[in-house]
Every structure is written in C-alpha cells, then in structure tokens.
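Coordinate inspection notes
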Amino acid sequence: MVVVGAGMVGAACALYAARAGLDVILVDRGPVAGGTTGAGEGNLLVSDKEPGPELHLALLSARLWGELAQELGTAVEYEPKGGLVVASTPDGLTALARLAAGQRAAGVRTVPVDASELRSLEPHLAPGLAGGVLYPQDAQVMPTLAAAHLARASGARLETGRTVTRVLRGADGAVRGVRTDRGDLLAPAVVNAAGTWGGEVAALAGVPLPVLPRRGFVLVTEPLPRRVRHKVYAADYVADVASDSAALQTSPVVEGTAAGPVLIGASRERVGFDRSFSLPVVRALAAGATRLFPFLDDVRVMRTYLGFRPYLPDHLPALGPDPRVPGLFHACGHEGAGIGLATGSGQLIAQALTGGTPELDLTPFRPDRFAEEATA
Amino acid sequence: MSERRPVLAVIGAGPAGLAATLAAAARGVRVTLIDSGTQAGGQFYRQPAPGLGARRPQALHHQWRTWERLRTGLDTRLADGRVTHLTDHHVCWVERDSSVEGEPVRDDPAAPGFTVHALLGPEQRESVAIRAHGVLLATGAYEKVLPFPGWTLPGVVTAGGAQALLKGGLTLPGRTAVVAGTGPLLLPVATGLAAAGARVVALVESAGPRDFVRRSRSLAGAPDKLAEGAGYAARLLRHRVSVKARHTVLEAHGVERLESVTVAALGPDGRPRPGTALRLPCDTLAVGHGLLPHTDLADGLGCRLDGPAVRVDDEQRTDVPGVWAAGESTGVGGAALSLAEGHLAGRSAAARLHGTAPDPARRTRAARTRTRLRAFSEGLAGAFAPPAHWAELVTDETVVCRCEEVTAGAVREAVGSLGAGDLRTVKLLTRAGMGWCQGRMCESGVAGVAGCAATPARRLPARPVPLGMLAAPTDDPPPAR
Ligand SMILES: Cc1cc2nc3c(=O)[nH]c(=O)nc-3n(C[C@H](O)[C@H](O)[C@H](O)COP(=O)(O)OP(=O)(O)OC[C@H]3O[C@@H](n4cnc5c(N)ncnc54)[C@H](O)[C@@H]3O)c2cc1C
Ligand SMILES: Cc1cc2nc3c(=O)[nH]c(=O)nc-3n(C[C@H](O)[C@H](O)[C@H](O)COP(=O)(O)OP(=O)(O)OC[C@H]3O[C@@H](n4cnc5c(N)ncnc54)[C@H](O)[C@@H]3O)c2cc1C
C-alpha cells in the first residue's frame, strides 16, 4: 500500500500497517515531517478533549504512545510528564471540574488540585489561582523526531521529494496506486495522510474533503534549567480548541522541553495560508504565558514559528475507508492534535486495511460525512 | 523643523545607512537613524571606543576621507535637527501598522505607517517604538564560517571578529596568527593584524589566481578595486606574510587552546593534494568564508528575498511599499557599493515619501557606480569560493553547531537514515542551528555537511526579546501623529 504524506500521521500509519504485515511505501513531496508536523508542538493530550469520539481516540493513542515509548522513548523525547490545567477564578474552576468529571467517566485519570497544592506541583506558578486538575496521562514527544523514527522503524520504503499528482483508479473505480512526478507507484490501497493538504489529495482521487488551515504561532525561549514541570495551560484553552470562530484566539499553553527551551503556544486563527508574522498574536501569547508564570517576564524569546493545522468543519479527523472510492483510506484533518492522535489513527487504519474490525467505531470519523451534510 | 516632513527610519548606520540618511535628509525628509552600535560607521568604518584614546584610527582605515565626509555630513544634520541618531538601539522587529485581522488601523491607507521596535542599551531590557512613514533597511551582512576539525578551539576566531577587535578595541588577539578561508576580507585582516604587531605566518586562501583570470572581464571594470587589492599585496609582502593561494586548513590542533594548524594545497579536483600537508605553529587562527546578508527584518515585513539577499528594484525599493533596502543586506559587494546603493535608496525614499519620483537623470552617476561595482562583486564572489569538497574534510566528531553541540556525524545520520532532505528538517532532527545564535554561525556549515541547500531561515525576532516586554509593551506608540 501507499501512504501519501510523511508527517506524524503518515509515519504512524506506515508503522502500524507494516507491523500488521503490509508492504508499505511512504511518499512525501518534501522531507519527512516537512509539513505541519515540523511546525507544531508535540503534546499528547487527553486533557483538552471533551467526552466523545475524539477523546476515545486520544485514550487509545495515549496507550499506544506509552507502548511505543518502550522501544523509541528516548529517540523521540517521550516524556510522560502529565498536564496541569489551571483556573484563575472560582467559576472557571467549577467549569473545569465539570469537564473533568465527564472525562473521568470516559476513562481519563484526573486529579483535582486545590489552590494550596498548585505550587507544590509547579513551584513557579503565579499566586492567586483558584485551582486546577492534574492529568497524569498527558505526555509529550518531539514531533519531527517522532515522525522520523516511526517512519524508520516501520521499515517502509521511504520516497521523499516525490509529489503525488493523481490517485490511479481502475475501470471498476477501485484504487490502483498513485501517479507521482517521478513515475507511478502501484498498490491496491492508498492512505491519504496529507494533513492540511488532505483535501487536495482527496480531490486527486475525485472526492471532496473540506480540510482547511488554521494558523498557529509558537514562541520558543532561550534554554533554561527545568522550571516548568508539566504541560500547564489555562482552563479557557479547552473552549478555544472547540471554537468555531475564525478570529484569533490565544490562551497560554506553557511547557518545558527536554532540550531546555520553554515552548509557548499556541494561537489559533483562520487566515488561510498566510505566513506573515503577526506581532499582536505574539504579544497575546506572551501576555498569557507571563500571567501563568511570572518568572517568564525576564526570559527571552529566541524565535517564533508558525504552522497550519488541518481542520475539518466538525473538528474531527477523517479516518477510515472512503466508501466512494474502494481502496482509498483517509487519515487526515487532525487539527491541533495530530501528533497525539497519530498512533491511534495509524492503528485503526491498519486494522481497517487488513480487514479486521477496528477497535473503535469509525462512524464519527467517516470521510464522506460532509458530502452527506451538503446534500441533506 | 516642519512637522509635516515625512519621517524615514534608517536601520543601520554603516556606509549604506549613512549615505541614505544624508541623501534623504538633504531632500526634506526627517531621518531617524537607528543602530545597535555605540557610534556610527557600521562594519567598515568601525570606530575605536573613545575611551581608548586611539591617536591614529585612520591608520586602520583606508578611505578615511570618505568617512570624514560622511561624519561631517551627519554632524551637520544632527545639529540642524533633520537627523536623529539612536545609538545602542537593537531592532528586534519592524511592524506594519495593521490590526490582527489585517485591516489598516489608520484612516489613510495610502500612507502605510511602520513601527520599529528596538531594545535599548547593552542590557536590552527596555524597548522603544519608533514611528515612521518609510523604512530603509541597511543592516549589512554577517560572516560565514565553515567548520573543520578543531575549529571550536579557543584561539580560533572569525576573520571579522579579529577585525572588529583591531578596529574597535585596538587589542591584539594573539601573537602568531594564521589567516585562512576565502574572500576579500582576509586581506585587510592579515595586513591589519600584521600592522598591529602580530606575526602573521600565512594567509591561506582557497581561491587561486586562475579563478580570477577567468573572471577578468568583470573584475577589470573596477580598476580602483584592483588597485586596492594590489595595495594589500604590497603590504603583505612588506610584513612577510606568506600567501598560500589554493590552500586550505585541514585541521586546527591544540589541547587547551590552539597550538598549530595543518594546511594543504588543493588539487585540480578541489580536494587536498596528498603529500602537501604542512603544520604551522600559531596561537591565533582567523577564519572567514565570506559574508551573508542580514535579512531577518525584511523577511518579517514580508519582503521578497532573492536567494540569500533582499530583493530590490533599481530605486532600491523592496516589493513592500514603503520599505527600501541598501548595502550588504541586498547582496555583498563592499563599502563603495553600499555607499552608492544607500545614496540611491535615500533619494528614492525622499522622492516617494513626498509623492514624487526620483529624478532619473540625476541618479545616473551613483547608478553607474552601482552597476560597475555589482559586476565586480559578482566576479569576486565567483572567484572566491571554499574548496569544492570542503565538507568531506569535516570528520564525524567535529561539532558543527556550537550552541547545541551537534556533531557532523549527527547531521549525517539525520540525512542518511532519518529522511531529512532540507535544512529545516536537519535542524529539527538534530537541533543544529536552534541555539543562541539561531544558526547565524553554523547554518552554511550544517547545510554543507548535510549536502542540502543553505536556504535562509526565518529568524524573528532579530534580537532575543524578554517575554515581559512583549507582554506589556512599554513602547506602545502614541495613537496619532
Ligand atoms: C502551532 C501548532 C502547534 C501544534 N501543537 C500540537 C500539539 O501540541 N499536539 C498535537 O498533537 N498536535 C499539535 N499540532 C497539530 C499537529 O501538528 C498536526 O495535527 C499534525 O502535524 C498533522 O500531521 P499530518 O501528518 O496529518 O500532517 P503533515 O505533518 O502536514 O504531513 C502531511 C504531509 O503530506 C505531504 N503532502 C501533501 N500533499 C502531498 C502530495 N500531493 N504528494 C506527496 N506528499 C504530499 C506534505 O508534504 C506533508 O509532509 C500543532 C499544530 C500547530 C500548527
Ligand atoms: C565582521 C565584518 C568585518 C568587515 N571588515 C571589513 C574590512 O575590514 N574591510 C572591508 O572592505 N570590508 C569589510 N567588511 C565588509 C563591510 O561590511 C562592507 O564593506 C560595508 O561595511 C557594508 O556596509 P553596509 O552599510 O551595507 O553594512 P554595515 O557596515 O555592516 O552596517 C550595518 C549596520 O547595521 C546595524 N544593524 C544590523 N542589524 C541591526 C539591528 N537589528 N538593529 C540595529 N542595528 C542593526 C549594524 O550594527 C551595522 O552598524 C566587513 C564585514 C563584516 C561583517
């Protein structure tokens, strides 16, 4: 089979498909992780998901990441450090507690943290916060390393610098492989793991898939000794993630990295593929981060970067076989969670490819769900 | 001083920025000249710190008269208030006035405004915002240094670093020096070190005479520059500096610090010729492999780049309205070219900010100089080149990125088995170029070792900025002018 896109999701599809016994060719027009995977952060989160299909996928993925960490943990900088969500007001804390209760019912481990305990978990947090919730299952990887190491571990034939220009289909409409700028690659199954460009690849097979970009900026500080222990963010982040607004949203997400720098992200705006630098966005991120961690006031930002999250209108990825094109599978549109959700997505795709029953119900992720909506 | 005069912010007070400032100020523009240095002059006319009481700084400079003319011109403009010179201002970014949604804030969309954000003083903990109608980027270039075994030893310095010490601090970096690499900068560095009392045992240049003969047409167009070169040759001879053309450094040796270097002749294939290795004892090795334009600020403004340099038209305008660029940020070509470009840019900015066009007839002389010098520097750039296969000489153990201590072996592994195909992925996989210097020091070296193109990375902010300053800007510009 052919996997189009050597980002985090494509690499995970390659790995699990190869382990299920399939012959895999992994194609990318650029290098490994040259798309959004190389332009984002590597949080593996269950904490930011509301109960529902995405949370189930996140829990499956978290388990699989934990298993992969046994063999690749150091190479991909896996850190099971846990997430700490904080609320600044009593009202915010009530809302957070309600969310946590729902998550707990879905199988998430949550630990309420009262105001007095916050600083024993995170000594440098700002004083005066109302409280928070600790999510021990939240973890972190370095996305580019993760994609590269999963791709290598898969043993797949890696074809970088090769652009897919068409999905080849036989007389019966079934997939026969892909055409690339450097010749055809024949296979009875093709996985669209083209991230933000997943809509374009779907179109190459003749089917619509409304994947759109959602821009995000990240700030990177100078390297520091570890002062932020968990992944720390404010409770309003959960609302931003699920938001339908096109306008800019920023809420502070602060985390230390194995390499030393603190990462501060991430803004969300729908501005198309606009790469221009935005000072207001960067200022808002800085303001949010310093509110949580006052010591950051004196810490310098070394660089900023931006990426484009692939999102679908209902904020769920397209995952599984496309009933419109036999042999075509989709694994794209993971928005701001494609690193975290990659392992589960890869596993489910491998199970679907080998004809087994996927361990999660794929119905909510059906790739043709938007076409139906349009005609309904 | 009329309040209605347009304001031009000139960033960089080297030859290009000074020429632009004077040209614009002479044509009715108020200029805010901004530079991170404590004095005007840039890299070329770098001034000794006043406290050192240097008696004859001109001994370190040629073209002293040109400098004096610029300096006097600037003093006059400072006195009449047409120019404000902000020293010790480190520009971290330039912002076009626009809101988050991309709508212009100001009611007059035809006159886009800019805000230059700069950090103050050596501490860089405070910031100011400078408003202007137009921005002229004259930020110059920085040095390119390629790695080789031993290049991280104390005692190995960059050619420009040695130069800056000579010009700015007048201290001698060491006693026995070798100057090596490629490019015209090596000549003043070697003669400068020798004149300051160092024993310069060799100037090791990887280009050879034939590389110049092949480009003699474009080089002959600038006899003054050739004469300048001849002058250096005479001085090298006088100081008994042995010039080793078509040679390269193989390795720097030393335990605690530099003790010697091994150099070798280059064969016709660009590889070291077997049996020619020669060990030279020294305590200082000044290396340089040319210059690269500073483009961070331009990039942040959305200006189009041409390869490694800011792209400009024949008026030195970038493709972003209201933004000009001149000097080595638009391509490396030496101080005389920077002066010509700065002059043309200043004239264009003055005319355009007044809503007119620069007089084409009157800019012909500077434009001719520019054409001639650009051809010359292109010829030079083609002639001066590192050895074709320099990356082969970099052993796997050699650290190529000093900030993050990444070895050549790690870079090769990223390319070989992890599927990195471009510089960005190599960086992400190895952290090479992600440290304090943000790859300014190592980018060319890492790209060469990886065997991929040295695409310029976007580096914003241009200077590291404290988060608190970003979060609560003390520099918010006044709402209206
Ligand atoms: C600022 C920011 C922060 C983020 N933080 C997180 C986080 O903390 N945790 C998390 O889980 N997620 C995060 N994300 C989201 C995450 O980065 C993405 O969801 C994820 O990288 C998507 O991976 P992918 O493999 O689907 O897409 P990509 O990595 O974009 O890979 C798609 C690949 O397809 C290739 N391609 C496209 N078209 C073709 C073609 N025609 N032929 C060949 N190849 C093609 C592209 O070159 C690309 O390499 C963040 C994103 C951003 C922007
Ligand atoms: C290290 C070095 C040494 C050199 N030595 C010689 C020599 O000895 N002889 C010779 O012929 N040529 C030398 N050159 C070449 C020389 O740079 C050019 O010939 C000439 O100085 C270019 O003029 P310019 O105005 O374009 O840039 P520069 O003279 O480089 O001036 C640029 C100015 O912009 C300022 N600047 C840049 N970024 C910012 C920012 N973000 N904020 C505030 N200010 C900023 C810098 O401080 C600098 O003063 C040297 C170059 C370098 C890099």
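Residues numbered from 1 in each chain as written. Chains lettered and ligands numbered in written order. Predicted model: local features only at pLDDT ≥ 70, side-chain atom pairs only at ≥ 80, totals over all residues. Heavy atoms only, no water.

Chain B is annotated in an unreviewed UniProt entry as Oxidase from Streptomyces phaeofaciens.

With respect to the sheet that holds strand β6 (residues 127-132) of chain B
Residue and element names in this part refer to chain B. One open sheet holds the three strands; their spatial order is β4-β5-β6, and the pairing between them is antiparallel. The two strands at the open ends of the sheet, each matched to only one other strand, are β4 (89-96) and β6. Within this sheet the neighbouring strands show an average axis-to-axis angle of 25°, counted without direction. Across six bridges, strand β5 (residues 114-120) lies against β6 in antiparallel orientation. Bridging from a neighbouring strand, T115 pairs with R131 of β6. (Pairing = 2+ DSSP bridges. Helix = DSSP H or I, 4+ residues; strand = E, 2+ residues; numbered from the N terminus. Axes fitted to C-alpha atoms, helices over the stretch in contact; angles between N-to-C directions.)

Considering the side chain of K49 of chain A
All names here are of chain A. With respect to the secondary-structure elements, K49 resides in the loop between β3 (43-44) and α2 (53-72). Side chain to side chain, K49 and D48 meet in a polar contact 2.8 Å long. What K49 contacts, discounting residues up to four positions off in sequence, is E54, L55, A58, Q103, A337 and L341. (Polar contact = N/O pair within 3.5 Å; in protein donor to acceptor, adjacent residues only side chain to side chain. Contact = heavy atoms within 4.5 Å.)

Here's the deal with the packing of aromatic side chains
Under the criterion given, the structure shown has one aromatic pair over all chains. Each ring, one from F293 of chain A and one from F295 of chain A, has its centre 6.1 Å from the other, and the planes form 75°; the classification is edge-to-face. Its relative accessible area of 0% is what places F293 of chain A among the buried residues. The lysine or arginine in question, R29 of chain A, covers the ring of W197 of chain A, its NZ or CZ lying 4.9 Å from the ring centre. If you follow R402 of chain B out to its NZ or CZ, it ends over the ring of W151 of chain B, 4.3 Å from the centre. (Phe/Tyr/Trp six-rings, centres within 6.5 Å; stacked < 30°, edge-to-face > 60°. Buried < 20%, exposed > 50% of the residue type's maximum accessible area, 1.4 Å probe, protein only. Lys NZ or Arg CZ within 6 Å of the ring centre and 35° of its normal.)

Side note on helix α9 (residues 335-353) of chain B
Over its 19 residues, α9 of chain B extends 26 Å from the first C-alpha to the last, a length consistent with the 27 Å expected when each residue adds 1.5 Å. Immediately downstream of α9 of chain B, the backbone of G355 of chain B shows phi near 80°, a positive value. (Expected span 1.5 Å × (residues − 1).)

Examining the sheet that holds strand β17 (residues 300-311) of chain A
Across the sheet, which stays open at both edges, the nine strands sit in the order β5(A)-β6(A)-β4(A)-β14(A)-β15(A)-β16(A)-β13(A)-β17(A)-β23(B) with mixed pairing between neighbours. Each edge of the open sheet is held by one strand with a lone partner, namely β5 (111-114) of chain A together with β23 (465-466) of chain B. As defined by bridge partners, β17 of chain A adjoins β23 of chain B across two bridges and the pair is classed as antiparallel. Each bridged residue has a counterpart across the sheet, and for V301 of chain A the counterpart in β23 of chain B is V465 of chain B. Sitting on the sheet, helix α3 (residues 90-105) of chain A is in contact with β4 (83-87) and β6 (131-135) of chain A, with an inclination near 25° to β6 of chain A. Lying over the sheet, helix α8 (residues 279-292) of chain A contacts β4, β13 (212-223), β14 (231-234), β15 (253-256), β16 (261-265) and β17 of chain A, oriented at roughly 55° with respect to β13 of chain A.

With respect to the domain arrangement of chain B
Often the size quoted for an interface is simply the accessible area lost on bringing the parts together. Residue and element names in this part refer to chain B. Examined at the domain level, chain B breaks down into domain 1 (7-141 + 292-378), domain 2 (147-288) and domain 3 (390-450). The straight-line distance from the C-alpha centre of domain 2 to that of domain 3 is 25 Å. With 10 residues of domain 2 in contact, the opposing surface of domain 3 contributes 11 residues. Together, the buried faces of domain 2 and domain 3 total about 910 Å²; carbon and sulfur atoms form 65% of this surface. Broken down residue by residue, the surface that domain 2 buries against domain 3 is led by P147, P149 and W151, which jointly contribute 58%. Our count for the contact surface shared by domain 2 and domain 3 stands at one salt bridge. With a closest N to O distance of 2.7 Å, E392 and R271 form a salt bridge. Counting every contact that joins domain 2 to domain 3 gives three residue pairs in polar contact (both at pLDDT 80 or more). (Domains from an automatic or database assignment. Buried area = accessible area lost by both parts, 1.4 Å probe. Salt bridge = Lys/Arg side-chain N within 4 Å of Asp/Glu carboxyl O.)

Quick notes on the interface of chain B and chain A
Taken together, the 39 residues of chain B in the interface contact 44 residues of chain A. For the pair chain B and chain A, the summed buried surface comes to about 3400 Å²; carbon and sulfur atoms form 59% of the total. The tally of links from chain B across to chain A stands at two salt bridges. At the level of secondary structure, the elements contributing two or more residues to the side of chain B that touches chain A comprise β4, β5, α12 (423-430), β23 and α14 (467-471) of chain B. Per element, the largest residue contribution to the side of chain B that touches chain A is five residues, and it comes from α14 of chain B. Here the side of chain B that touches chain A is composed, by residue class, of 19 nonpolar, 10 polar and 10 charged. (Nonpolar A, V, L, I, M, F, W, Y, C, P; charged D, E, K, R; others polar.)

Concerning the site of ligand 2
All names here are of chain B. Close contacts around ligand 2 come from 30 residues, with A16, D35, Q163, E328 and A335 the closest. P15 places a polar main-chain atom, nitrogen or oxygen, 3.2 Å from an oxygen atom of ligand 2. Contact with the protein chains covers 91% of the free accessible surface of ligand 2, which is 960 Å². When contributions to the shell around ligand 2 are tallied by element, the ones reaching two or more residues are α1 (15-25), β4, α3 (159-169) and α9. Tallied by class, residues from the shell around ligand 2 come to 12 nonpolar, 14 polar and four charged. Lining the shell around ligand 2 are residues from two domains, each supplying at least three of them: domain 1 (7-141 + 292-378) and domain 2 (147-288). (Near = heavy atom within 4 Å. Areas by Shrake-Rupley, 256 points an atom, 1.4 Å probe, with all protein chains shown as cover.)

Thoughts on the site of ligand 1
Residue and element names in this part refer to chain A. In the vicinity of ligand 1 there are 35 residues, among which D28, T37, N43, E335 and G340 approach most closely. Taking N43, its main chain carries an N or O atom lying 2.8 Å from a nitrogen atom of ligand 1. Starting from 990 Å² of accessible surface for ligand 1 in isolation, the protein chains cover 96%. Elements with a minimum of two residues in the shell around ligand 1: α1 (8-19), β13 and β17. A per-class count over the shell around ligand 1 returns 14 nonpolar, 15 polar and six charged. Taken domain by domain, the makeup of the shell around ligand 1 includes at least three residues from each of domain 1 (2-64 + 143-211 + 314-375) and domain 2 (83-136 + 212-311).

Here we look at the pairing of β13 of chain A
Residue and element names in this part refer to chain A. Of all 12 residues making up β13, 10 are buried, and the element is well covered by its neighbours. In this sheet, β17 lies alongside β13 in antiparallel orientation, the contact comprising 10 bridges. Residue pairing across strands places R215 opposite F308, the latter belonging to β17.

Concerning the domain arrangement of chain A
Residue and element names in this part refer to chain A. Looking at the assigned domains, one finds that chain A contains domain 1 (2-64 + 143-211 + 314-375) and domain 2 (83-136 + 212-311). For domain 1 versus domain 2, the distance between C-alpha centres works out to 28 Å. Between domain 1 and domain 2, the residue contacts involve 24 residues of the former and 34 residues of the latter. Together, the buried faces of domain 1 and domain 2 total about 2300 Å²; carbon and sulfur atoms form 59% of this surface. At the boundary of domain 1 with domain 2, the tally comes to one salt bridge.

What to know about the confidence of the model for chain B
A low pLDDT means the predicted coordinates there should not be read in detail. Residues and elements named next belong to chain B. When pLDDT is averaged across chain B, the result is 85; 86% of the residues are at 70 or more. Segment residues 477-481: pLDDT under 50, and seven contacts once partners within four positions in sequence are set aside and those in other chains are kept. With pTM at 0.85, the complex prediction returns an ipTM value of 0.84. (pLDDT = per-residue confidence, 0-100.)

Notes on the pairing of β4 of chain A
Residue and element names in this part refer to chain A. Most of β4 sits inside the fold, with five of its five residues counted as buried. Alternating residues of β4 divide into G83, V85 and A87 and L84 and V86, and every residue in both groups is buried. Note: β4 against β6, five bridges, orientation antiparallel. Opposite L84, over in β6, you have L134 as the bridge partner. In terms of strand pairing, β4 meets β14 through four bridges, oriented parallel. Paired with V86 across the two strands is A234, which belongs to β14.

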